[in-house]
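Chain and residue survey
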Amino acid sequence: MSDDIFATLKGLLTPHAPQFAVKHDAPDNYNLETETSDGKTEMFAAVQIKKSYVSLHLFAVYCDPALLTDISDALRKRMQGKSCFNFGPRHAIPVEELTALIGACAQASKAR
């Protein structure tokens, strides 16, 4: 079950891989990172299988909380902390909404 959730969330990130560096590409961890203007690397996004859920981390929303202004209540309920969304087997994944949010995060990350 977690593998299906992981595959769905990873599938939302992979179109952005050419813009970012793939740091991890394992069956339970997919991580994209970017280089900042001062030459340091930072996480752009990651998907990780945890014990009872799958986490999607979007670092850009931590740096720019305004990216979350228009997210649905359903997606907001999946938030843990400032930049993490957790999905389990009973949770619907709002693919269209996440696709748009990840796109906005990619633009914001590249603009920083």
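Throughout what follows, the structure given in this document is the object of discussion. Fair warning: this is a prediction, and the values are worked out from it, not measured in the lab.

We now examine the overall build of the protein chain. Assigned secondary structure in the protein chain consists of four helices and six strands. Taken from N to C terminus, the helices and strands of the protein chain fall in the order α-β-β-β-β-α-α-β-β-α. Against the compact-globule benchmark of 13 Å for 112 residues, the protein chain has a radius of gyration of 13 Å, which places it among compact chains. With the C-alpha coordinates of the protein chain rotated into their principal frame, the extents come out at 40 × 30 × 20 Å. The buried share of the protein chain, reckoned over its 112 residues, is 42%. Across the protein chain, the fraction of contacts at a sequence separation of at least 24, relative to all contacts at a separation of at least 6, is 47%. Of the accessible surface of the protein chain, which amounts to about 6300 Å², a share of 51% is contributed by carbon and sulfur atoms. Distance between charge centroids for the protein chain: 7 Å, based on 12 positive and 13 negative side chains.

For the rest of this paragraph, the subject is the side chain of asparagine 29. By secondary structure assignment, the location of asparagine 29 is in strand β2 (residues 29-35). Judged by relative accessible area, asparagine 29 falls into the buried class, the value being 16%.

Another point: the nonpolar core. In terms of nonpolar packing, the biggest core is built from 31 residues, with Leu9, Leu56, Leu58, Phe85, Leu98 and Leu101 touching the most fellow members. Mapped by element, the contributors of at least two residues to this core are α1 (2-13), β2, β3 (41-49), β4 (54-58), α2 (59-63), β6 (84-87) and α4 (95-111). The dominant element in this core, judged by the number of residues it contributes, is α4, at six residues.

Reading across from one edge, β1-β2-β3-β4-β6-β5 is the order of the six strands in this open sheet, with antiparallel pairing throughout. Of all strands in the sheet, those bounded by a partner on one side alone are β1 (21-26) and β5 (79-80). Across two bridges, the pairing between β5 and β6 is antiparallel. Each residue of the ladder has a partner; that of methionine 79, found in β6, is phenylalanine 85. The strands that α1 touches are β1, β2, β3, β4 and β6; relative to β3, the one it contacts most, it runs at about 150 degrees.

Here the focus is α1. Taking 1.5 Å of rise per residue, twelve residues should cover 16 Å, and α1 covers 17 Å from first to last C-alpha, within 8% of that figure. Buried residues in α1 make contact with β1, β2, β3, β4, β6 and α4.

With respect to burial, β2 is a largely interior element, six of its seven residues being buried. Pairing of β1 with β2 involves five bridges; the strand directions are antiparallel. Residue pairing across strands places aspartate 25 opposite tyrosine 30, the latter belonging to β2. Between β1 and β2, which follow one another and run antiparallel, lie two residues. One ladder, built from seven bridges, connects β2 with β3; its direction is antiparallel. Of the residues in β3, the one forming a bridge with glutamate 33 is methionine 43.

Cut-offs used in this document
- Residues numbered from 1 in each chain as written.
- Predicted model: local features only at pLDDT ≥ 70, side-chain atom pairs only at ≥ 80, totals over all residues.
- Heavy atoms only, no water.
- Helix = DSSP H or I, 4+ residues; strand = E, 2+ residues; numbered from the N terminus.
- Rg over C-alpha atoms; globule rule 2.2 N^0.38 Å.
- Buried < 20%, exposed > 50% of the residue type's maximum accessible area, 1.4 Å probe, protein only.
- Contact = heavy atoms within 4.5 Å.
- Areas by Shrake-Rupley, 256 points an atom, 1.4 Å probe, with all protein chains shown as cover.
- Lys, Arg positive; Asp, Glu negative; His and termini not counted.
- Charge placed at Lys NZ, Arg CZ, Asp CG, Glu CD.
- Core = buried A, V, L, I, M, F, W, Y, C linked by side-chain atoms within 4.5 Å.
- Pairing = 2+ DSSP bridges.
- Axes fitted to C-alpha atoms, helices over the stretch in contact; angles between N-to-C directions.
- Expected span 1.5 Å × (residues − 1).

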